[in-house]
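Topology and contacts: notes
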Amino acid sequence: MFRLFANSSKGAALRTAPKSQQVRNLSIHEYMSANLLSEAGIKVPKGSVATTPEEAYQAAKKLGTSDLVIKAQVLAGGRGKGHFDSGLKGGVKTIFSPEEARDLANKMIGHNIFTKQTGAHGKKCNKVFIVERKYVRREYYFAILMDRATQGPVVVASSQGGVDIETVAAENPDAIVKLPVDIKKGLSLESAQGLADKLGFVGNAREEAADTFVKLYKLFLAKDATQIEINPLVETSDHQVMCMDAKFGFDDNASFRQKDVFSLRDPTQEDPREVQAEKWNLNYIGLDGRIGCLVNGAGLAMSTMDIIKLHGGEPANFLDVGGSATAQQICEAFKIISSDAGVSAALVNIFGGIMRCDVVAQGIIDAVKELDLKIPLVVRLQGTNVEQGKKLINESGIAIFPCDDLDKAADLVVKLSDITSLAQKVGVHASLSLA
């Protein structure tokens with residue numbers, strides 16, 4: 001899925017977001033997206049979702065056709081080329097009978113699927129989507145995104161759909177059509193028809209494609225979406241324009257007025273640490289490093305991660321506790337950090353403004369005692385009530401490494417992480433303390 005344009009010039013290739021970047025927007029399952037499309041008057045294949053093999057059998061039987069497709073419902077791309085821990089290869093399969101639907105559902109539901117986007121742990125498939133199979137004449141790509149360059153919605157489309165669109169953009173950027181939309185005026189029928197012409201739609205399919213584009217844009221606005229991606233958008237053998245697969249993203253800031261959409265959230269498909277962080281109003285994103293970070297303020301958190309990398313370390317997370325966290329929230333933040341078995345040291349970097357350093361210190365002390373924290377902990381406190389905070393830590397009797405200088409703190413936590421990691425590899429418990 002494209003995130004940003006490299007530049008606004010004609011024919012410019014699109015660039016994808018870095019793999020480590022995570023956008024905190026709601027995503028929903030394909031079958032839910034299909035329902036939203038259908039409610040908006042946009043054509044989609046008929047289908048039903050199933051949570052058990054028997055439900056899959058009944059869903060396939062109800063569709064009344066022998067041309068069917070079964071799709072694993074997980075919030076990750078690359079399902080078709082993925083594999084399950086059950087031994088099944090492929091999360092999207094053509095089937096020809098209800099019996100096949102039941103057999104394949106048995107190998108999908110309750111099993112982890114591994115794709116290029118799931119990571120090493122995979123994602124559990126709890127549902128499958130049984131849909132009628134459509135025979136297509138041509139496949140297209142269509143998406144609506146929010147674009148920083150134009151400061152508004154932009155339509156991205158291509159006549160080369162049904163494939164990895166990033167590859168198309170890299171190898172043949174001229175195949176990508178970009179259409180910025182004035183959010184005040186919307187996508188006009190004339191603009192939609194012009195886009196259909198550029199993509200190669202003709203005859204009745206041209207008008208139907210244009211109508212579909214306009215409806216998709218209206219849906220994009222009505223639901224406060226950050227993205228709608230249709231891949232592929234197809235023209236069927238009987239010249240119908242249909243959305244065969246859809247990915248939606250929604251702006252979390254709109255949750256208060258999109259309660260029906262946000263009720264579709266599936267937390268089982270999310271990082272459980274991020275789910276727990278949200279419960280405590282903490283901003284957490286898990287990364288692949290070994291040094292846990294607890295910081296107040298997104299800017300300070302990012303610069304803290306940068307300086308850790310500058311000293312040769314890798315951050316294990318982004319964790320912003322905000323400006324008004326309580327001692328309990330600090331304690332919960334440490335629970336989340338320590339739940340990552342890969343963390344070998346942690347750095348606390350607090351600049352107290354609204355946030356009081358004594359509150360942070362008490363939260364650290366409570367967390368270390370409650371969790372019996374074994375990893376070395378480097379703490380840098382500056383700002384409001386910093387002396388009270390340092391006093392609490394000094395009198396706690398807990399082995400914490402205080403450091404006022406951020407550069408030295410980052411250097412120290414990287415070295416401590418290396419020592420702890422080495423000890424873990426050889427099966428030795430390292431207990432570190434100040435000399």
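See the structure printed just above.
What you see is a predicted model; the values in this text were computed from it and never measured.

Things to note about unusual backbone geometry
For the bond from Asn 231 to Pro 232, the omega torsion is 10 degrees, close enough to zero to count as cis. A positive phi is found at His 239, a non-glycine position, where the angle reads about 65 degrees. According to the relative accessible area criterion, His 239 is partly exposed, its value standing at 40%. Here Asn 281, not a glycine, exhibits a phi torsion of approximately 60 degrees, which is positive.

Regarding the pattern of salt bridges
According to the stated counting rule, one finds 22 salt bridges in the structure shown. Among the ionic pairs, Glu 208 bridges to Lys 43, the shortest N-O distance being 3.0 Å. Here the residue Glu 208 occupies a position in helix 6 (residues 203–222), and Lys 43 occupies one in the loop between helix 1 (30–39) and strand 4 (47–50), the gap between them amounting to 165 residues. Looking at Glu 208, the relative accessible area reads 19%, which means it is buried. The exposure class assigned to Lys 43 is partly exposed, which follows from its relative accessible area of 34%. With a closest N to O distance of 3.8 Å, Glu 132 and Lys 134 form a salt bridge.

Concerning the pairing of strand 21 (residues 377–383)
Two faces make up the sheet, and in a regular strand the side chains alternate between them. In terms of burial, strand 21 is a largely internal element, five of the seven residues being buried. Traced from strand 20 (residues 345–352) through helix 11 (residues 357–371) to strand 21, the parallel crossover comes out right-handed. Where strand 21 meets strand 22 (residues 401–402), two bridges bridge the pair, whose relative direction is parallel. By the bridge assignment, Val 378 is partnered in strand 22 with Phe 401. In this fold, strand 21 hands off to helix 12 (residues 386–396), which returns the chain to strand 22; that crossover is right-handed.

Details of the nonpolar core
For soluble globular proteins, nonpolar side chains are generally found buried alongside one another. Counting 45 residues, the largest nonpolar core has Leu 37, Phe 142, Phe 201 and Phe 213 as the members making the most contacts within it. Discounting chain neighbours no more than four positions away, the residues touching Phe 213 are Phe 142, Leu 187, Ala 192, Leu 195, Ala 196, Leu 199, Phe 201 and Leu 233. Judged by nonpolar contacts, the second largest core, of 35 residues, contains Leu 282, Ala 325, Cys 357 and Leu 377.

Things to note about helix 10 (residues 327–338)
In this model helix 10 runs 17 Å from its N-terminal to its C-terminal C-alpha over 12 residues, within 8% of the 16 Å that 1.5 Å per residue would give. Within the span of helix 10, buried status applies to Gln 329, Ile 330, Cys 331, Glu 332, Ala 333, Phe 334, Ile 336 and Ile 337.

Here we look at the side chain of Arg 79
By secondary structure assignment, the location of Arg 79 is in the loop between strand 5 (68–72) and strand 6 (83–84). One polar contact links Arg 79 to Glu 30, side chain to side chain, over a distance of 2.9 Å. Those residues in contact with Arg 79, other than ones at most four positions away along the chain, are Glu 30, Lys 71, Ala 72, Gln 73, Val 74, Gly 90, Gly 91, Val 92, Ile 113, Thr 115 and Asp 245.

Concerning the side chain of Ser 344
Looking at the secondary structure, you find Ser 344 in the loop between helix 10 and strand 20. Residue contacts for Ser 344: discarding those within four places in its chain leaves Arg 290, Ile 375, Pro 376, Ser 417, Thr 420, Ser 421 and Gln 424.

Definitions and limits used
- Per-chain numbering applies: the sequence of each chain, read as written, is numbered from 1 onward.
- Thresholds applied to this predicted model are a pLDDT of at least 70 for local features of residues and 80 or more for the giving and counting of side-chain atom pairs; totals over whole chains, interfaces and linings are not thresholded and use all residues.
- Derived side-chain values reflect all non-hydrogen atoms in the structure, with water molecules and hydrogen atoms excluded from consideration.
- Under the scheme applied here, a residue whose accessible area is under 20% of the maximum for its type counts as buried, over 50% as exposed, and between as partly exposed, the area being computed with a 1.4 Å probe on protein chains only.
- Criterion for a salt bridge: a side-chain nitrogen of Lys or Arg within 4 Å of a carboxyl oxygen of Asp or Glu.
- Where helices and strands are cited, they refer to DSSP runs of H or I of at least four residues and of E of at least two residues respectively, numbered from the N terminus.
- Handedness is read with the strands pointing away from the viewer; a crossover is right-handed when the path from the first strand over the helix to the second is clockwise.
- What makes two strands pair is DSSP finding at least two bridges between them.
- Residues enter a nonpolar core if they are buried and are Ala, Val, Leu, Ile, Met, Phe, Trp, Tyr or Cys, with the set joined through side-chain atoms within 4.5 Å.
- Two residues qualify as a contact provided that any one of their heavy atoms is within 4.5 Å of a heavy atom in the partner residue.
- Multiplying 1.5 Å by the helix residue count minus one yields the expected span of that helix.
- Contacts described as polar in this section are N or O atom pairs within 3.5 Å, which, within protein, must combine one atom able to donate a hydrogen with one able to accept it, while residues neighboring in sequence count only if both atoms come from side chains.

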